[in-house]
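Examination of the molecular architecture
Below, each chain spelled out in residue letters.
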Amino acid sequence: MFSSFSEDVKIGQQQYQPAQQSQGGAYNLDPKLSEYVSTVGMRLAALSDVPKLPYEFVVLNNSVPNAWALPSGKIAINRGLLLKLESEAQLAAVLSHEIVHAAARHGAQRQRDNLLVQVGMAGLGLGLANNDYRDLIIGGANLGARLTTAKYGRDHELESDHYGMKYMAKAGYNLQGAVELQKVFVSLSKQQKSSWLDGLFASHPPSQERVEANIKYAASNPVKDAFSGKEAYQQAIAYLKSKQEAYDLADQANAALAQKDYDLALSLISKASNIEPKEALFSAIKGDALAAKGNKDSALAAHMRATELNPNQFSYYLKRAQSYAALGQSSYAIDDYRYSMRLLPTSIAALQLGELYSESQNQEQALKYYAQAAQAQGDIGQQAKLKLALIEIKQTPEKYLKAKHVQDPKGPLLVTIENHSPLNIGALQLRTQLIDANGKVIKIEEWSINETIPAQKRSPYYPAKVVYHLKTGEKVKTSISSVTLE
Ligand SMILES: [Zn+2]
């Protein structure tokens, strides 16, 4: 992994879409804004030390002030951060900083030094208050989530600031943009504003040292006719700014949902929809609130509307699937869950597919999806492991239960059962075979244990009557013929 340029390109290509999906998806209601951000980014990238990377820039539909880069120049900036910036020079400072992380292969170094923390701590359900699904990702798409959240070290930050300002200067930007921004970041980090701490500051920690370094660089590298681009920037974000209130209301609605105040959530989100009727996210939140109130039909209609307004975002299919499932429309629910998995594989969709297939007696598919969900940490992973064990322990008991022999030189052969499953075993049917040096079975004993063996515990030692002393070359084997759960 990460050994070469071509590996970087592969990781960038594989992880860019899922990383976007897990963090709100592309903000697509103002194509001109996306184009503007991309134009600024591309100009800086072309002036960088590695201009030939397959750079891409996207604006994400996410209120958290954040920006990130994946290997090979796949860069994202959240709408929440765009609203905090004041000029094109400040935008250029953010983007050129990310360009350096990508171009200098900082992700590769973090991978090599094992600095990528595993995501997947919380087993959150749906109705996620922060519109962020990173913790629910399963499989290979997990890497993108780790790359976009892991903290860069001090050296990487200073290097990205330094070269970022170099590219800004080449493009004719006012370097004060980078200086101002770092100053603001340091003061915000002192105020412990949580959205910043969760966002940009988690991966790019601000420091006074960075401010000083930027001031020094700007002083020794004067830019002729430097461009700040305040007006150009204000014009570019004018549409987004005119909808800012709607997104603030939606964030409050999500908070109300988390507090289980569904009526408040509904009234807030309906105000938001009045301001920006095209926003799929608002319909999705409305559907969540209606579902929580038990209005299943209206919840489905709202979730349906979300997929119509934005057919490219996995979370809207996930929510619609839940609405279908609540109405007992299993086959539609299955289709939607599967489609959501194609856009972003999540533990929650896998667990619910396992349930639906299990209900429809399709054990093979149920096992497949439970096994995927069981990779996850937290509650969802635990639930899936339990469901998986319930099916598998009957079919393949040896996967969970190990029979071990101990030969007392003077007494009988003893057998103990290790229960590696999350289930309490009530009784077991066993078959102990004595096998001679030529591999021939010379004795068989069928026997049973009728005592509880608790989950994750080992049973006491039971005497197997089949043999008392093994002769040279002989061996015994105990297999489990059937399992009764407690
Ligand atoms: Zn950084």
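All values derive from a computational prediction rather than experimental measurement.

Looking now at the pattern of salt bridges. With the rule as written, the count across this model stands at 17 salt bridges. Its salt-bridge partner being E392, residue K399 comes within 2.9 Å of it at the nearest N-O pair. Looking at K399, the relative accessible area reads 51%, which means it is exposed. What makes E392 buried here is its relative accessible area of 11%. When salt bridges with common partners are traced through the structure, they connect R154, D155 and E209 into a single cluster.

The accessible area lost on association of the parts is a frequent measure of interface size. Partitioning the protein chain into structural domains gives domain 1 (5-115 + 150-241), domain 2 (244-395) and domain 3 (397-485). Domain 1 and domain 2 are separated by 32 Å when their C-alpha centres are compared. Facing 15 residues of domain 1, the contacting portion of domain 2 comprises 14 residues. Between domain 1 and domain 2 the total buried area reaches about 1200 Å² when both faces are included, carbon and sulfur atoms providing 41% of it. Linking domain 1 to domain 2 there are 0 salt bridges. Counting across the domain 1 and domain 2 interface gives 8 residue pairs in polar contact (both at pLDDT 80 or more). When residues of the side of domain 1 that touches domain 2 are traced back to their parent elements, those giving at least two are α1 (5-22) and α13 (238-242). Taken together, the residues of the side of domain 1 that touches domain 2 break down into 6 nonpolar, 7 polar and 2 charged.

The next subject is helix α7 (residues 154-170). When the terminal C-alpha atoms of α7 are compared, their 25 Å separation across 17 residues agrees well with the 24 Å that a helix rising 1.5 Å per residue should span. For α7, the set of buried residues is H156, E157, S160, D161, G164, M165, Y167 and M168. Within α7, the buried residues cover an arc of 160° as seen down the axis, which keeps them to one side. Where α7 ends, the next residue or the one after it, G172, has phi of about 90°, a positive value.

All right, on to the coordination of the zinc ion then. The zinc ion binds to the protein through H97 (NE2), H101 (NE2), E157 (OE), E157 (OE) and H204 (ND1); the donor distances cover 1.9 to 2.6 Å. We classify E157 as buried; its relative accessible area is 2%. Residue H204 is classed as buried on the basis of its relative accessible area, which comes to 4%.

Right, let's get into the nonpolar core. If you look at the biggest cluster of nonpolar residues, it comprises 72 residues, and the most contacted ones within it are V37, L44, I77, L82, L91 and M168. Counting residues per element, this core draws most heavily on helix α4 (residues 88-103), at 10 residues. Split by domain, the residues of this core number at least three in each of domain 1 (5-115 + 150-241) and domain 2 (244-395). A349, A376, I393 and Y462 belong to the second largest nonpolar core, which has 55 residues in total.

As a further point, take the sheet that holds strand β5 (residues 413-419). With antiparallel pairing, 3 strands are arranged side by side in an open sheet as β4-β5-β8. Strand pairing shows two members of the sheet lacking a second neighbour, β4 (401-407) and β8 (462-464), which therefore form its edges. For this sheet the average axis-to-axis angle between neighbouring strands, irrespective of direction, equals 40°.

Tracing the sequence through the fold places M42 in helix α2 (residues 31-46). Using a relative accessible area of 37% as the deciding quantity, one classes M42 as partly exposed. In this view, M42 contacts Y55 and F57; residues no more than four positions away in its chain are not counted.

Turning next to the packing of α1 against helix α6 (residues 142-149). Across the interface, α1 lies against α6 with an axial gap of 8 Å and an inter-helix angle of 85°. In this view, α1 runs roughly perpendicular relative to α6, as classed from their interaxial angle. In contact with I11, Q15 and A19 of α1, α6 contributes L143, G144, L147 and T148. Residue composition of the contact of α1 with α6, by class: 4 nonpolar, 3 polar and no charged.

Let us look at the packing of aromatic side chains. Here the structure, examined in full by the defined rule, presents 12 aromatic pairs. A centroid spacing of 5.1 Å and a plane angle of 25° characterise the contact between Y324 and Y332, whose relative ring orientation is stacked. Using a relative accessible area of 48% as the deciding quantity, one classes Y332 as partly exposed. Taken together through their ring pairs, the aromatic side chains of Y27, Y247 and F282 make up a single cluster.

Read from one edge of the open sheet, 3 strands run β1-β3-β2, paired in mixed fashion. Two strands bound the open sheet, and with one partner strand each, they are β1 (56-60) and β2 (67-70). Pairwise comparison of adjacent strand axes, ignoring direction, gives a mean angle of 20° for this sheet. In the sheet, β2 pairs with strand β3 (residues 74-78) via 4 bridges, with the strands oriented antiparallel.

Looking now at the environment of W68. Tracing the backbone through its elements, the reader meets W68 in strand β2. The class for W68 is buried, based on a relative accessible area of 2%. The spacing of W68 and G199 is 131 residues in sequence and 9.6 Å in space, taken between C-alpha atoms. With residues up to four places along the chain from it excluded, the contact list for W68 reads Y16, A19, Q20, Q23, L60, K74, I75, A76, E98 and T148. At 2.9 Å, the side chain of W68 forms a polar contact with the side chain of Q23.

Conventions we followed
- Residues numbered from 1 in each chain as written.
- Predicted model: local features only at pLDDT ≥ 70, side-chain atom pairs only at ≥ 80, totals over all residues.
- Heavy atoms only, no water.
- Salt bridge = Lys/Arg side-chain N within 4 Å of Asp/Glu carboxyl O.
- Buried < 20%, exposed > 50% of the residue type's maximum accessible area, 1.4 Å probe, protein only.
- Domains from an automatic or database assignment.
- Contact = heavy atoms within 4.5 Å.
- Buried area = accessible area lost by both parts, 1.4 Å probe.
- Polar contact = N/O pair within 3.5 Å; in protein donor to acceptor, adjacent residues only side chain to side chain.
- Helix = DSSP H or I, 4+ residues; strand = E, 2+ residues; numbered from the N terminus.
- Nonpolar A, V, L, I, M, F, W, Y, C, P; charged D, E, K, R; others polar.
- Expected span 1.5 Å × (residues − 1).
- Arc of directions from axis to C-beta.
- Donors = N, O, S within 2.8 Å, 3.2 Å for Na, K, Ca; no water.
- Core = buried A, V, L, I, M, F, W, Y, C linked by side-chain atoms within 4.5 Å.
- Pairing = 2+ DSSP bridges.
- Axes fitted to C-alpha atoms, helices over the stretch in contact; angles between N-to-C directions.
- Parallel < 35°, antiparallel > 145°, perpendicular 65-115°, else oblique.
- Phe/Tyr/Trp six-rings, centres within 6.5 Å; stacked < 30°, edge-to-face > 60°.

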